[in-house]
Structures are given as C-alpha cells and as structure tokens.
Amino acid sequence: MEMVRPRHVPHRTCVVCKKRAPKRELVRVVASGGRVSLDPSGRASGRGAYVCRDDEGGEARAMRASLARALRTEVADGDWKDLKESLGVMAGTGQSE
Ligand SMILES: [Zn+2]
C-alpha cells in the first residue's frame, strides 16, 4: 500500500520586494568564492538569496543593494552585469543577442 503524502511546496521570500512565492517562481542567486552569480539549479553551495523573475526591470539598483545585503557581500560590477543579463534572459525580456 502506498502512502499518499501531502505535496509540500517550499516558499521563499524575494530579497528585493519581500514577496513570498513558491521557490520555483523565484530565482536563486548565490555568493560563493567572492563571486555573485545566478544559480539556475538552485543547489549551488554558498550563501543564497532569492529574487522574483520580474524584479529586474523595475528597480535594478534596489535589487543590487538588496542582494548585497542578503548575501553579505559586494556585488561586483562584472557579476552584476552577468546577473542582470541572465535574469533578463530568464524573464524573457532580454535580447538573445
Ligand atoms: Zn521580488
């Protein structure tokens, strides 16, 4: 006989707008080895923070500051550029070029 287990949907809080959402609707950003980068797998080691997929367009500067605070590290210019590009792509608003 099989056990029917209730489906648990993990929620996380976006560090930018403080909205709680199912983990799959957020994007994990991880700080590791002095670098800050997107963690598409959600399983990279390091200190992680979650952001909404659709925050990027609005308040990019607020987002950078929120990430820096949540990750307790600076987000370097190069890392931030990559991050924004990755988020833009994931949100479907970025150009693939
Ligand atoms: Zn958000």
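Analysis parameters
- Residues numbered from 1 in each chain as written.
- Predicted model: local features only at pLDDT ≥ 70, side-chain atom pairs only at ≥ 80, totals over all residues.
- Heavy atoms only, no water.
- Buried < 20%, exposed > 50% of the residue type's maximum accessible area, 1.4 Å probe, protein only.
- Helix = DSSP H or I, 4+ residues; strand = E, 2+ residues; numbered from the N terminus.
- Pairing = 2+ DSSP bridges.
- Axes fitted to C-alpha atoms, helices over the stretch in contact; angles between N-to-C directions.
- Contact = heavy atoms within 4.5 Å.
- Polar contact = N/O pair within 3.5 Å; in protein donor to acceptor, adjacent residues only side chain to side chain.
- Salt bridge = Lys/Arg side-chain N within 4 Å of Asp/Glu carboxyl O.

Caption draft 1: Structural detail: the pairing of strand β4 (residues 35-38). Residue alternation in β4 divides its side chains into a buried set, V36 and L38, and an unburied set, R35 and S37. Between the antiparallel neighbours strand β3 (residues 26-32) and β4 lie two residues, among them G33 with a positive phi of about 60°.

Caption draft 2: Just unusual backbone geometry, in detail. Positive phi values are uncommon outside glycine, yet K18 reaches one of about 65°. Turning to its location among the elements, K18 is positioned in the loop between β1 (11-13) and β2 (20-22). Of note, the phi angle at R72 is positive, near 55°, even though the residue is not glycine. Summarising the element assignment, R72 is placed in the loop between α1 (60-71) and α2 (77-91). Note on R72: relative accessible area 65%, which makes it exposed.

Caption draft 3: Main features of the sheet that holds strand β5 (residues 47-52). Taken together, the three strands give an open sheet; going across it, the order is β4-β3-β5, and neighbouring strands pair in antiparallel fashion. Edge positions in the open sheet fall to β4 and β5, since each of these has one partner strand only. Neighbour to neighbour, the strand axes of the sheet diverge by 25° on average, direction disregarded. Sheet topology places β3 next to β5; six bridges connect them, and they run antiparallel. Its bridge partner being in β5, A31 is matched across the sheet by R47. The strands that α1 touches are β3, β4 and β5; relative to β5, the one it contacts most, it runs at about 150°.

Caption draft 4: Here's a closer look at the side chain of D39. Position of D39 among the secondary structure elements: in the loop between β4 and β5. The buried category is assigned to D39, whose relative accessible area is 4%. A distance of 2.9 Å separates the side chain of D39 from the side chain of S41, its partner in a polar contact. Of note is the side chain of D39, whose polar atom sits 3.0 Å from the backbone nitrogen of A44. Discounting chain neighbours no more than four positions away, the residues touching D39 are R28, V29, V30 and A44.

Caption draft 5: Representation of the pattern of salt bridges. In this structure the tally under the stated criterion is five salt bridges. Taking the shortest distance from any N to any O, the salt bridge between R28 and D39 comes out at 2.6 Å. Of this pair, R28 sits in strand β3 while D39 is found in the loop between β4 and β5, placing the two residues 11 residues apart along the sequence. One salt bridge connects R64 with D77, and the closest N-O pair in it is separated by 2.8 Å. Placement of R64 in helix α1 and of D77 in helix α2 is noted, with a sequence separation of 13 residues between them. By relative accessible area, which is 25% here, R64 ends up partly exposed. Taken together, the salt bridges that share partners define one network made up of R35, D79 and D82.

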